Amino acid sequence: VWVCRCHCRVLLSRTAGRLRARRGLATGPETHFGFQTVTEEERREKIYRVFESVAKKYDVMNDSMTLGIHRVWKDILMHKMNPSPGTLLLDVAGGTGDIAFRFINYVCSVRERQLQRKLKHHQNLSWQEIFESYQKDKFNSLGDSQVVVCDINREMLKVGKQKAQHLGYCEGLSWVLGNAEELPFDNDKFDVYTIAFGIRNVTRIDLALQEAYRVLKPGGRFLCLEFSHVSNPLLSRLYDLYSFQVIPVLGEVIAGDWKSYQYLVESIRRFPPQEELKAMIEDAGFFKVDYENLNFGVVAIHSGFKL
């Protein structure tokens, strides 16, 4: 009888353990890391380690994986944003500064054109007056525009700050350590929120979208550039072949890190398709939500407004 009771207790314990694991009571809510099933906390730790590992080679790998096309995608994002002087931008998961630097260049270009138009309308100005006007506007080339780069990873921010210093970006630029799911900013603060190739790495996309909505001003715009799902069946098969057979090899050769780039490829396949992400953005409260496929859906730009 004693043996039978012990055996029953062992069976009950094992069954309860399996039930707890299935319900997420023992290990926490389950999610995925690439094709692996992990807890949310494990995913956050793994993704942090991925970007800590690849930070120094991140830009080189982007050029290698996309043959430099990522630069065109980011330029298209900036033209879609079309920021004017005075815009306050929050760029989330933007550690290496690609979007921030483009934003500064774009606004400075707009300011320069505005100044030239202004001077053309005043043909009777003396040389001294023209010189003084240029000098005055030179010290306010961004027209009070600012960009705040927010990233959860210290190493990515470190690389971004080093790039900014090397390239001479300092005015209107700040760097903040923060989590997209719990942003360290007040409500109704920013005119534009961007996240480029970052939302795929957020554990709770719904929370990140809610936070984006919260920190935007009424009338503010949400813009997301992300790898997406290719619609053409033939191109999709070729893309899969390239993704799984070439990208991890590039990761090993260039960054010495096969696993991180294997995760990258898997994470793209697990990411919601365009219509599903659009619905999630609408669920967060955004209006006029739409998306534009680039390169047949290899990437997509999703856009929405807080009204």
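Residues numbered from 1 in each chain as written. Predicted model: local features only at pLDDT ≥ 70, side-chain atom pairs only at ≥ 80, totals over all residues. Heavy atoms only, no water.

**Looking at the overall build of the chain**
Helix and strand content of the chain: 12 helices and 9 strands. When each of the 307 residues of the chain is scored for burial, the buried share is 44%. Only carbon and sulfur atoms are counted for the fraction: they give 55% of the accessible area of the chain, which is about 16,500 Å². (Helix = DSSP H or I, 4+ residues; strand = E, 2+ residues; numbered from the N terminus. Buried < 20%, exposed > 50% of the residue type's maximum accessible area, 1.4 Å probe, protein only. Areas by Shrake-Rupley, 256 points an atom, 1.4 Å probe, with all protein chains shown as cover.)

**Details of the packing of helix α2 (residues 40–54) against helix α11 (residues 258–270)**
α11 packs onto α2 with a crossing angle of 120° between their chain directions and a minimal axis gap of 10 Å. Classified by the angle their axes make, α2 and α11 are oblique. The interaxial crossing formed by α2 with α11 has left-handed handedness. Side by side, α2 and α11 meet where Arg43, Ile47, Val50, Ser53 and Val54 of the first sit next to Ser260, Tyr261 and Tyr263 of the second. In the contact of α2 with α11, the residues fall into 5 nonpolar, 2 polar and 1 charged. (Axes fitted to C-alpha atoms, helices over the stretch in contact; angles between N-to-C directions. Parallel < 35°, antiparallel > 145°, perpendicular 65-115°, else oblique. Left-handed = near helix turned anticlockwise from the far one by under 90°. Contact = heavy atoms within 4.5 Å. Nonpolar A, V, L, I, M, F, W, Y, C, P; charged D, E, K, R; others polar.)

**Quick look at the pairing of strand β9 (residues 299–305)**
With 6 of its 7 residues buried, β9 lies for the most part within the structure. The sheet contact formed by strand β7 (residues 216–227) and β9 spans 7 bridges and is antiparallel. When the sheet's bridge partners are listed, Leu223 is paired in β9 with Ser303. Where strand β8 (residues 287–294) and β9 come together, 6 bridges link them in antiparallel fashion. Bridge assignment links Leu294 to a residue of β9, and that residue is Val299. Connecting the antiparallel pair β8 and β9 is a turn made up of 4 residues, with Asn295 showing a positive phi of about 50°. (Pairing = 2+ DSSP bridges.)

**Some remarks on α2**
Look at α2: 21 Å from first C-alpha to last across 15 residues, which is about the 21 Å you get at 1.5 Å a residue. Residues of α2 that are buried: Glu40, Arg43, Ile47, Val50, Phe51 and Val54. Along α2, the residues classed as buried sweep out an arc of 85° about the axis, all on the same side. (Expected span 1.5 Å × (residues − 1). Arc of directions from axis to C-beta.)

**Side note on helix α9 (residues 233–245)**
Compared with an ideal rise of 1.5 Å per residue, which puts 13 residues at 18 Å, α9 spans 18 Å between its outermost C-alpha atoms and is within 8% of the ideal. For α9, the side-chain oxygen to backbone nitrogen distance between the N-cap and Leu234 is 3.0 Å, and the N-cap itself is Asn232. (Polar contact = N/O pair within 3.5 Å; in protein donor to acceptor, adjacent residues only side chain to side chain.)

**Quick look at the pattern of salt bridges**
Any two side chains of opposite charge can pair, given that their charged atoms come close. A full pass over the atoms with the stated rule returns 14 salt bridges. For the salt bridge of Arg44 with Glu40, the shortest nitrogen-to-oxygen distance reads 4.0 Å. Separated by 4 residues within a single helix, Arg44 and Glu40 lie in helix α2, roughly one turn from each other. Overall, the relative accessible area of 28% leaves Arg44 in the partly exposed class. Asp191 is the salt-bridge partner of Lys217, the closest N and O atoms lying 3.2 Å from each other. Taken together, the positions of Lys217 in strand β7 and Asp191 in strand β6 (residues 190–196) put the pair 26 residues apart, joining distant regions of the chain. (Salt bridge = Lys/Arg side-chain N within 4 Å of Asp/Glu carboxyl O.)

**A word on the packing of helix α3 (residues 58–66) against helix α10 (residues 247–255)**
At their nearest, the axes of α3 and α10 sit 10 Å apart, and the two run at 145° to each other. Note that α3 runs across α10; the crossing there is right-handed. Contact residues: Val60, Met61, Ser64 and Met65 in α3; Ile247, Leu250, Gly251, Ile254 and Ala255 in α10. A breakdown of the residues in the contact of α3 with α10 according to their chemical character gives 7 nonpolar, 2 polar and no charged.

**Structural notes on the sheet that holds β9**
Spatially, the 7 strands line up as an open sheet ordered β5-β4-β3-β6-β7-β9-β8, and their pairing is mixed. Looking along the sheet, the strands with just one partner apiece sit at the ends: β5 (173–177) and β8. Strand-to-strand twist across the sheet, computed as the mean angle between neighbouring axes with direction ignored, equals 15°. Across 5 bridges, strand β3 (residues 88–92) lies against strand β4 (residues 146–151) in parallel orientation. Each bridged residue has a counterpart across the sheet, and for Leu89 the counterpart in β4 is Val147. Across the sheet, helix α12 (residues 274–283) lies against β7, β8 and β9, angled at about 155° from β8, the strand it touches most.

**Observations regarding the environment of Leu307**
Relative to the helices and strands, Leu307 is located in the segment after β9. Expressed as a C-alpha distance, the spacing of Leu307 and Pro218, which sit 89 residues apart in the sequence, is 5.2 Å. Ignoring sequence-local partners within four residues, the contact set of Leu307 consists of Tyr213, Gly219 and Phe287.

**Looking at the packing of aromatic side chains**
Given two aromatic rings, one states the distance between the centres and the angle between the planes to describe the pair. The tally for this structure, following the rule as stated, stands at 8 aromatic pairs. Ring centres 5.5 Å apart and planes at 25° place the aromatic pair Tyr193 and Phe222 in the stacked group. A residue pair is termed long-range when its members are at least 10 positions apart, and Tyr193 in strand β6 and Phe222 in strand β7 qualify at 29 residues. Note on Tyr213 and Phe286: the rings are 5.2 Å apart at their centroids and 80° apart in plane angle, and the pair reads as edge-to-face. Of this pair, Tyr213 sits in helix α8 (residues 205–215) while Phe286 sits in the loop between α12 and β8, and the two are 73 residues apart along the sequence. For Tyr213, a relative accessible area of 22% gives the class partly exposed. These aromatic residues form a ring-pair network of at least three members: Tyr193, Tyr213, Phe222 and Phe286. The ring of Phe190 is capped by Lys189, whose NZ or CZ atom sits 5.8 Å from the centre of that ring. (Phe/Tyr/Trp six-rings, centres within 6.5 Å; stacked < 30°, edge-to-face > 60°. Lys NZ or Arg CZ within 6 Å of the ring centre and 35° of its normal.)

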